[in-house]
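# Summary of the model geometry
Letter by letter, the chains look like this.
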Amino acid sequence: MGNPQSIWFNPEKNIVEAIDQRLLPFEHVTIVIGTLQEARNAISEMVVRGAPLIGVTAAYGMYLAARSYVGNNLMAEMNWAGEWLKSSRPTAVNLAFAVDEALTVISDQHTDSENIQLLYEYAETLKKREIDFSKKIGLFGLELIKAISERNGNQPVQILTHCNAGRLACVELGTATAPIYLAHEAGILVHVWVDETRPRNQGARLTAWELGEAGIPHTVIPDNAGGHLMQHQMVDMVIVGSDRTTLNGDVANKIGTYLKALAAFDNDIPFYVALPSTTIDWNLRDGILEIPIEQRDGGEVSMMEGIVDNEVRQFRIIPERSAVANYGFDVTPARLVTALITEKGVCEATREGILSLFPERRPINE
Ligand code: MRU
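Since the model is a prediction, treat every value here as computed from it, not as a measurement. (Residues numbered from 1 in each chain as written. Predicted model: local features only at pLDDT ≥ 70, side-chain atom pairs only at ≥ 80, totals over all residues. Heavy atoms only, no water.)

Counting its regular elements, the protein contains 12 helices and 16 strands. For 366 residues, the compact-globule estimate of 2.2 N^0.38 gives 21 Å, and the protein sits close to it at 20 Å. By its C-alpha atoms, the protein is 65 × 60 × 40 Å across when sized along the principal axes. Taking all 366 residues of the protein together, the buried fraction comes to 55%. In the form shown here, the protein has an accessible surface area of approximately 15600 Å², with 51% of it arising from carbon and sulfur atoms. (Helix = DSSP H or I, 4+ residues; strand = E, 2+ residues; numbered from the N terminus. Rg over C-alpha atoms; globule rule 2.2 N^0.38 Å. Buried < 20%, exposed > 50% of the residue type's maximum accessible area, 1.4 Å probe, protein only. Areas by Shrake-Rupley, 256 points an atom, 1.4 Å probe, with all protein chains shown as cover.)

Have a look at this one:
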């Protein structure tokens, strides 16, 4: 499997390295992130992607930025660097969270080299925290899979997932995939329906690759197939990740998630969202009105990429003059979410459900 992490600091070369996710599954290449600009490009070009990984990359980006500002008004430049990083992708709240938290660890009471060291330590701490959260999400989600397996007489639990909320989107294990990995390790039979996730095909390219590496049975399906499978009792549960979850439980995730939630609701199939608390936006109440939805280049819709005769090629799939729209995410309203799986446990997708796991977040005047 190579390095089990999706991003790491290489102390010998004194740089950050990451898997270039644009090239998988055709090529497994490591990319160097050595400057603030390279960190920002890696996020906006989706070399790295997935909410927790975007956050960790931003934290490393802040560290790399500070290294370039030694003796050059570091504190003031860091605010600018943070804003610039934040503008690279708007939907995943982990990005803003990581930048804002990084800014709290530095101060003009420290020397430049102390601030640089503090930012490095923050990036490493955030990375470890995300790994720990993934493990805990995995353990809580494992109980849900176990219960279905027992109810089904140990028949393979049929799980549908959308996009890639796996180790590539995080650092290790993933969010939506963590319970699946742990179930597989525990000897519980699982089979995963993997939505291809147009337009960038994170499901077909990344989730399928990850599950294949782990030896987990899976089948890639077109995005439109989920409803049919659910109507025919071929799905026991849906687990997806999140890019931003509001305090009332609305969930922004990869475009198409909402349609799966509607189909699951109509067919009485549990729809779970696995997320670390770093993905909760404590300031927002109404996801549909308030979560910024990224719109990306239309070329991602009009072109596709594949491998032909061992050569990776891109080809156009629509008429040259047709307009395209490319919304990156949609919002699933809380009422369609059976439960949230977090590092603190499983809760209802409601304000009270979330605050029952994170009581320290309850406003003091309540
Ligand atoms: O555009 P992407 O690939 O960054 O979108 C990723 C997703 O939507 C994931 O499902 C989400 O970030 C959860 S990742 C643990």
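Once that is clear, we can look at the environment of V93. Along the chain, V93 turns up in helix α4 (residues 93-105). Taking C-alpha positions, V93 is 8.1 Å from G55, a pair spaced 38 residues apart along the chain. Beyond its immediate stretch of four places on either side in the chain, V93 contacts D243, R244, T278, T279, I280 and D281. (Contact = heavy atoms within 4.5 Å.)

Bringing unusual backbone geometry into the picture now. Here the residue pair L24 and P25 is connected by a cis peptide bond, since its omega of 0 degrees sits within 30 degrees of zero. Backbone torsion omega between R198 and P199 reads 5 degrees, so that peptide bond is classified as cis. Inspection of the secondary structure puts P199 in the loop between β5 (190-195) and α7 (202-214). Its identity as a non-glycine residue notwithstanding, C163 has a phi of 65 degrees, on the positive side. Residue position: C163 is located in the loop between β4 (157-161) and α6 (178-185). Residue class for C163 comes out buried when judged on its relative accessible area of 8%. One non-glycine residue, L173, adopts positive backbone phi at about 65 degrees. On the basis of relative accessibility, which here comes to 18%, the residue L173 falls in the buried class.

Reading across from one edge, β11-β8-β9-β14 is the order of the 4 strands in this open sheet, with mixed pairing throughout. Two strands in the sheet have a free side with no partner beyond their single neighbour: β11 (280-281) and β14 (329-332). In terms of strand pairing, strand β8 (residues 244-246) meets strand β9 (residues 251-254) through 2 bridges, oriented antiparallel. Bridged to T245 within β9 is V251. Its contacts with the sheet put helix α9 (residues 257-266) on β9 and β14, and the angle it makes with β14 is roughly 30 degrees. (Pairing = 2+ DSSP bridges. Axes fitted to C-alpha atoms, helices over the stretch in contact; angles between N-to-C directions.)

This paragraph deals with the packing of helix α2 (residues 51-68) against helix α3 (residues 74-86). Between α2 and α3, the least distance of the axes is 10 Å, while the angle of their chain directions is 145 degrees. Along this stretch, α2 crosses α3, giving a crossing that reads as right-handed. Counted together, A58, G61, M62, A65 and A66 of α2 and L74, M78, A81, G82 and L85 of α3 form the full contact between these two elements. Residue composition of the contact of α2 with α3, grouped by class: 8 nonpolar, 2 polar and no charged. (Left-handed = near helix turned anticlockwise from the far one by under 90°. Nonpolar A, V, L, I, M, F, W, Y, C, P; charged D, E, K, R; others polar.)

Every one of the 19 residues lining the ligand counts as a neighbour, but R49, R89, D243, N253 and K254 are closest to it. Between an oxygen atom of the ligand and a side-chain N or O atom of R49, the distance comes to 2.8 Å. The fraction of the free accessible surface of the ligand (410 Å²) that becomes covered by protein chains is 100%. Here the shell around the ligand is built from residues that sort into 8 nonpolar, 7 polar and 4 charged. The residue makeup of the shell around the ligand includes at least three contributed by each of domain 1 (7-129) and domain 2 (135-361). (Near = heavy atom within 4 Å. Polar contact = N/O pair within 3.5 Å; in protein donor to acceptor, adjacent residues only side chain to side chain. Domains from an automatic or database assignment.)

Read from one edge of the open sheet, 3 strands run β1-β2-β3, paired in antiparallel fashion. Taken across any chain shown, the strands that pair with only one partner, and hence form the sheet edges, are β1 (7-10) and β3 (30-33). Neighbouring strand axes in the sheet, compared pairwise and without regard to direction, differ in orientation by 30 degrees on average. Here 4 bridges tie strand β2 (residues 15-19) to β3, and the two strands are oriented antiparallel to one another. Bridge assignment links E17 to a residue of β3, and that residue is V32. Its contacts with the sheet put α2 on β1, β2 and β3, and the angle it makes with β1 is roughly 25 degrees.

The subject of this paragraph is the domain arrangement of the protein. If you check the domain split of the protein, you get domain 1 (7-129) and domain 2 (135-361). Taking only C-alpha atoms into account, the centre of domain 1 sits 25 Å from that of domain 2. Tallying the contact residues gives 29 residues for domain 1 and 32 residues for domain 2. Taken together, the two surfaces of domain 1 and domain 2 that pack against each other cover about 2500 Å², and 60% of this comes from carbon and sulfur. The three residues of domain 1 that bury the most area against domain 2 are F26, R49 and T91, which together make up 27% of that side's buried surface. Taken together, the links from domain 1 to domain 2 amount to 1 salt bridge. Notably, a salt bridge pairs E294 with R89, separated by 2.8 Å at the nearest N-O pair. For the pair domain 1 and domain 2, the interface holds 14 residue pairs in polar contact (both at pLDDT 80 or more). If you list the elements that add at least two residues to the side of domain 1 that touches domain 2, you get α2, α4 and α5 (112-151). Examining the composition of the side of domain 1 that touches domain 2, we find that 4 residues originate from one element, α2, more than from any other. (Buried area = accessible area lost by both parts, 1.4 Å probe. Salt bridge = Lys/Arg side-chain N within 4 Å of Asp/Glu carboxyl O.)

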